[in-house]
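# Notes for the structure review
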Amino acid sequence: MRAALLESYGSPPVAGVREAPSGAGPLVSVTVAPIVPLDLFCASGSSYFGRLPLPYVPGVQGVGMLADTGTRVWFATSAGMAPGDGSLAEQCTVAADDLVPLPDRVADEDAAAIGLSGVAAWMCLTWRARLQPGERVLVLGAGGVVGQAAVAGARRLGASSVVAVCRSAAAEARARRAGADSVVVVAEPETTDVAALSERFVAAGGGPVDVVVDPVFGPSASAACLALAPGGRLVNLGGLSGDGAQLSSAVLRSRSASVLGYTNNAITPAQRAEALGEVLRMAADGDLVVDHRTHPLDDVATAWAAAARGDGVRSLVRLR
């Protein structure tokens, strides 16, 4: 079968030929697979999962049909985190718990583009932050896929105000399409004055915020911490702006605020399936649209490079 093969750490995969999978578990005929930050991280050679034997087929998630029944499914793999091949191949064996049937109203490409990013956004809002109707939400990095899903999810969950934080006009347009009430566009020099940036966050939302969804960390997280209301919760799920942030102890203590971490690796397959179902319903209703570009397998290196740029547009690879 044809597949994308990672032959060297730190380099993009190349199109090649791989033996058809013969392992235990349901066999999926893969239609389309996204290239996500976790794929890039695992293939960098510097991930905390270690260096697995090469070559392997990357791809931690994908969309296809069960070979025996033709049922359309989204699926997850552990490619790059444990031995075994992933979704960037014409066929893939998958654990039964890692399969989620797809609703008819959601196209393969849309499901692939949303995938685990949508799961992360939904679980940050619900499982970690326990967002309540009427609360104010601030979404950092709102032009990215996680950010767009968080904006749409906060709307769906009844937030009274959703403020999106972006760095470009294109990102602002994506955040507004997802349902943001207001947008704060942040230029790089502004992040050095976190107090002033925090005031912009509060003004945009009409008051201090109850929940922050934070895939960026760094100075924006420092400013968001200052914008928290009493009992506010900041949920971090990434460090696109750096691995460190200065958080005010006085603010956290005086407001009984919380700083929480999130990773998809901490949830159960059942939680993941339920969350994916929720965000795909938003997509089916037209409330969540994630921009994506689709490449043929022969152009997997181009798709890989586009994903590494992180411009908020999901890179997909079509396998059939």
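For the structure given in this document, a descriptive report is provided here. (Residues numbered from 1 in each chain as written. Predicted model: local features only at pLDDT ≥ 70, side-chain atom pairs only at ≥ 80, totals over all residues. Heavy atoms only, no water.)

## Examining the sheet that holds strand S13 (residues 258-261)
- Spatial strand order, S10-S9-S8-S11-S12-S13: six strands in an open sheet with parallel pairing. Pairing within the sheet leaves two strands with one partner each, and these edge strands are strand S10 (182-185) and S13. Direction aside, the axes of adjacent strands within the sheet are offset by 20° on average.
- As paired elements, strand S12 (residues 228-236) and S13 share four bridges and run parallel to each other. (Pairing = 2+ DSSP bridges. Helix = DSSP H or I, 4+ residues; strand = E, 2+ residues; numbered from the N terminus. Axes fitted to C-alpha atoms, helices over the stretch in contact; angles between N-to-C directions.)

## Some remarks on the pattern of salt bridges
- Within this structure, the stated rule accounts for 14 salt bridges.
- Ionic pairing is found between arginine 272 and aspartate 98, a salt bridge with its closest N-O pair at 2.4 Å. Of this pair, arginine 272 sits in helix H8 (residues 269-284) while aspartate 98 sits in the loop between strand S6 (91-93) and strand S7 (99-101); the two residues are 174 residues apart in sequence, bridging distant segments of the chain.
- A residue is classified by how much of its surface remains accessible, and aspartate 98, at 19% relative accessible area, is buried. (Salt bridge = Lys/Arg side-chain N within 4 Å of Asp/Glu carboxyl O. Buried < 20%, exposed > 50% of the residue type's maximum accessible area, 1.4 Å probe, protein only.)

## Quick look at the packing of aromatic side chains
- Per the stated rule, a full pass over the model turns up four aromatic pairs.
- Between tryptophan 127 and tyrosine 262 the ring centres are 6.2 Å apart and the planes differ by 85°, which places this aromatic pair in the edge-to-face class. In this pair, tryptophan 127 is assigned in helix H2 (residues 108-128) and tyrosine 262 in the loop between S13 and H8, connecting sequence segments 135 residues apart.
- The exposure class assigned to tryptophan 127 is partly exposed, which follows from its relative accessible area of 30%.
- Ring-pair connections join several aromatic residues into one group, and the members of that group are Phe41, Tyr48 and Phe49.
- Positioned over the ring face of tryptophan 127 is arginine 128, at 5.7 Å from the centre of the ring. (Phe/Tyr/Trp six-rings, centres within 6.5 Å; stacked < 30°, edge-to-face > 60°. Lys NZ or Arg CZ within 6 Å of the ring centre and 35° of its normal.)

## Some details on the packing of H2 against helix H3 (residues 145-156)
- Between H2 and H3, the shortest axis-to-axis distance is 8 Å and the interhelical angle comes to 50°. The orientation of H2 with respect to H3, classified from their angle, is oblique. Note on packing geometry: the crossing formed by H2 with H3 is right-handed. Residues Ala113, Ile114, Ser117, Gly118, Ala121, Trp122 and Leu125 of H2 pack against Val145, Val146, Ala149, Ala150, Gly153, Ala154 and Arg156 of H3. (Parallel < 35°, antiparallel > 145°, perpendicular 65-115°, else oblique. Left-handed = near helix turned anticlockwise from the far one by under 90°. Contact = heavy atoms within 4.5 Å.)

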